[in-house]
Amino acid sequence: MKKWLMTAAALALSGTALAQEKFELEDVFTLEYASSPTIHPSGEWTVFVRQSMDINNDSKVGRLWASLPDGDLRPLTGGQGSESQPVWSPSGDRLAYVSTQTGSPQVHIYWADSGDSAAITQLTQAPSSLSWSPDGSQIAFSMFTPKSQPAPVSLPGKPEGANWTAAPKYVDKDNYRYDGGGYAKDGHQQLYVIPATGGSPRQLTDAEFNHGGQLSWSPDSKHIFFSANRRDDAFRQPVNSEIYRLTLNSKEVKAITDRDGPDSSPEVSPNGEKIAFVGYDDTKMSFQASKLYVMNLDGSGVEVLTGELDRGVTGFEWDTDSQGVYFTYDDNGVGQLARTTLNGEHVKLTDRVGGLSYSRPYGGGDFSVAKGDRVVFTISNPMRPAELALWEDDNVRQLTRLNEDALAHKELAKVEEINYKSSVDGIDLQGWIAYPPGFDKDKDYPLMLEIHGGPHTNYGPRFAAEIQLFAAAGYVVLYTNPRGSTSYGSDFANEIHHNYPSNDYNDLMDGVDAVIDKGFINEDELFVTGGSGGGVLTAWIVGHTDRFKAAVVAKPVINWYSFVLTADMYNFFYQYWFPGLPWENMEHYMKYSPISYVGNVTTPTMLLTGENDYRTPMSETEQYYQALKLEGVETAMVRIQDSGHGIYARPSNLMNKVAYILHWFDKYKGTTK
């Protein structure tokens, strides 16, 4: 058994000894997790965002907490608003952060010597990407800046005081709506700077492009580096961003990179000599791994540091001596922390970085670096959401245990890795099995296959509330990384390039067979579900086999033709996921569309999608629902309210999703096909 399993068991030892209760739906509101650690420049203590669930407002709320040298945890500000984006000043005397304490998101300052904190802005929009100038006198940030456009039509004849219906909404933007953001407002993300002592923000950019992401200053505090796609044909080149240098005095903006592909997240080295950034040469593949680069401040001398690493870099931060860069990536479903020299020689330091996706077992973690080679990161294991840990001198020490009060007395599902071979070509495949509490290998259990989205993402040995709830309901849960998943190299991910779904279906069926071979699964009680890309594959499965008792297709794409013409990122999808425009490649689009195989479906299939989902729009769900009705297949449609593609953004919607899936499966469990 893998080392992480033994470590996870050790972390939950107290819970195992006292376990009396199962994890239940309402327990979702008791969960907490750590995010956004920022270690003090001295390396002695860390500020982080402690995320918890607000049951009254059905939302997550973040509060700044401090992890002190003696192991104590304390609230930093005692503020009542939601707090985020903590960033230490270069000297460590102040901390900038964003808080809603005054009623709307504003930049706040915490003074380390006195413990006082106060808002220093009165902004009309939410600030993001806070960045201190090296001399500590200014803070740069980005902010949406409205620029209203008058309607092209104004009706005559409206009497004073008349109550006419609202005026039509006139849309002519290329990308006119975004999942999670709704219909795009007139305006763009612009850059600003404000004195660290407060005052009026000064707008630095005004071109009609979105400027944002990571901001980094030149050592003399005269320039800011940022990334953006400022091309006139940005709509046709959606990923082709560059890194720019902005001169504060003149507001001049100059590109310092120029290649076909994205360049983003610039970070100036502590000694002010180099810029680290991420990007790749665009080859129009559906998956392209981000590489870590360094260059001089003028854009010359570009060198790739992770050229030999066939994994995508997910985050990075300079070492304090400017002689190397720490970075993270996923490998075989596990988050890794590594350090590279400027010659590209890298060494892995620790694994289990992650834990931020508490709903499903996706990757994603945060970390922060301080002098003395001390790194604080979010640590992941299958039994707990993200906690904080410290890496120092090749040792890892956990700093927080935020969920012991909520989970130590719960009997959670044990998670075990499973490895098997593909029946298609014999390649190695990886997955995980979550066992119901009180599992007995001599009994028979229903099996639930849960499929990840993306499709270019990965699952791993990470806490997932949905998986735990399914297991607590008595299901053995299998989740895997079929071909197309990340963390196994570009070739594995691009097995589904212009070929999705295809053999990934077989990979999933092979995983089901591998679990059945273990001898504790009732083969008449097989169920399948998945969301987004997992919804695509679930719909594909029921169109190609009748082995499953029931299925839940969550936030799917059913018809690739209609998807490209309704999804928010349509200008990306048709270029990178398909060989061209749908009307020029109809046969290809329909060959890979689950709707083409709906005539084969006999499995009772429920649909579940967020009402405001603009990534895989509700129209995709409606098409399949109506097609199943016409075919006489048992079906239902669940429309999750106040939800986009990320259903778990509201805790009650995570609960709704799980409850409806279990309702549908329990309805058919024990029945005869």
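Remember, predicted model here, so these are calculated numbers, not experimental data.

Visitor: Outline the overall build of the protein chain, listing residues and values.
Guide: From N to C terminus, the protein chain includes 12 helices and 40 strands. Here the C-alpha radius of gyration of the protein chain, 25 Å, is about what a compact globule of 673 residues would show, namely 26 Å. Taking the contacts inside the protein chain whose residues are at least 6 apart along the sequence as the reference set, 56% of them involve residues at least 24 apart. When the 56 positive and 85 negative side-chain charges of the protein chain are each reduced to one mean point, those points stand 2 Å apart.

Visitor: Explain the domain arrangement of the protein chain to me, and be specific about the residues and the numbers.
Guide: By domain assignment, the protein chain separates into domain 1 (215-343) and domain 2 (411-668). On a C-alpha basis, the centres of domain 1 and domain 2 stand 34 Å from each other. Between domain 1 and domain 2, the residue contacts involve 19 residues of the former and 24 residues of the latter. Counting across the domain 1 and domain 2 interface gives 1 salt bridge. The partner of R462 in a salt bridge is D330, and the shortest N-O contact between them spans 3.9 Å. Run the count over domain 1 and domain 2 and you get 15 residue pairs in polar contact (both at pLDDT 80 or more).

Visitor: Tell me about the UniProt feature "domain: Dipeptidylpeptidase IV N-terminal" (unreviewed entry) in the protein chain, residues and numbers included.
Guide: In the numbering used here, UniProt assigns the "domain: Dipeptidylpeptidase IV N-terminal" (unreviewed entry) feature to residues 183-274. Counted over residues 183-274, helix gives 0% and strand 45%. Its end C-alpha atoms are 39 Å apart.

Visitor: An account of a nonpolar patch on the surface is requested, with residue identities and associated values reported.
Guide: A contiguous nonpolar patch, built from V153, L155 and W164 and spanning about 330 Å² of accessible area, is present on the exposed surface. On the basis of relative accessibility, which here comes to 58%, the residue V153 falls in the exposed class.

Visitor: Describe the nonpolar core, naming the residues involved and giving the relevant values.
Guide: Residues L449, V515, I541, W560, Y624 and F665 are the most contacted members of the largest nonpolar core, which totals 106 residues. Sorting elements by how many residues they give to this core places helix α12 (residues 651-668) first, with 8 residues. Beyond its immediate sequence surroundings of up to four residues, F665 is in contact with M448, Y475, F527, V528, T529, A550, A551 and V552. Formed by 14 residues, the second largest nonpolar core is a distinct cluster that contains A96, V107, L123 and Y192.

Visitor: Any chance you could break down the confidence of the model for the protein chain for me, citing the residues and the numbers?
Guide: Mean pLDDT over the protein chain stands at 95; residues scoring 70 or higher make up 97%. With pLDDT under 50 throughout, residues 1-19 is counted as low confidence; its partners more than four residues away or in other chains account for 31 contacts.

Visitor: Requested: an account of empty space enclosed by the protein, with residues and values cited.
Guide: By the definition in use, this model includes 5 cavities of 30 Å³ or more. In this structure, the largest cavity encloses a volume near 110 Å³. Here the residues of the lining of the largest cavity are counted per class, giving 7 nonpolar, 6 polar and no charged. The calculated volume of the second largest cavity comes to roughly 60 Å³. Take the lining of the second largest cavity: its biggest share by element is 3 residues, from helix α7 (residues 533-542). Class assignment for the residues of the lining of the second largest cavity results in 6 nonpolar, 5 polar and 2 charged.

Calculation rules
Residues numbered from 1 in each chain as written. Predicted model: local features only at pLDDT ≥ 70, side-chain atom pairs only at ≥ 80, totals over all residues. Heavy atoms only, no water. Helix = DSSP H or I, 4+ residues; strand = E, 2+ residues; numbered from the N terminus. Rg over C-alpha atoms; globule rule 2.2 N^0.38 Å. Contact = heavy atoms within 4.5 Å. Lys, Arg positive; Asp, Glu negative; His and termini not counted. Charge placed at Lys NZ, Arg CZ, Asp CG, Glu CD. Domains from an automatic or database assignment. Salt bridge = Lys/Arg side-chain N within 4 Å of Asp/Glu carboxyl O. Polar contact = N/O pair within 3.5 Å; in protein donor to acceptor, adjacent residues only side chain to side chain. UniProt positions renumbered as here; feature names shortened; annotations may be inferred. Patch = residues over 30% accessible without salt bridge, like charges linked within 9 Å, V, L, I, M, F, W, Y side chains within 5 Å. Areas by Shrake-Rupley, 256 points an atom, 1.4 Å probe, with all protein chains shown as cover. Buried < 20%, exposed > 50% of the residue type's maximum accessible area, 1.4 Å probe, protein only. Core = buried A, V, L, I, M, F, W, Y, C linked by side-chain atoms within 4.5 Å. pLDDT = per-residue confidence, 0-100. 1 Å grid on protein atoms, 1.4 Å probe; cavity = no way out; pocket = protein on both sides within 12 Å on 5 of 7 lines; lining within 4 Å. Points joined across faces, edges and corners; volume = space filled by probe spheres on them. Nonpolar A, V, L, I, M, F, W, Y, C, P; charged D, E, K, R; others polar.

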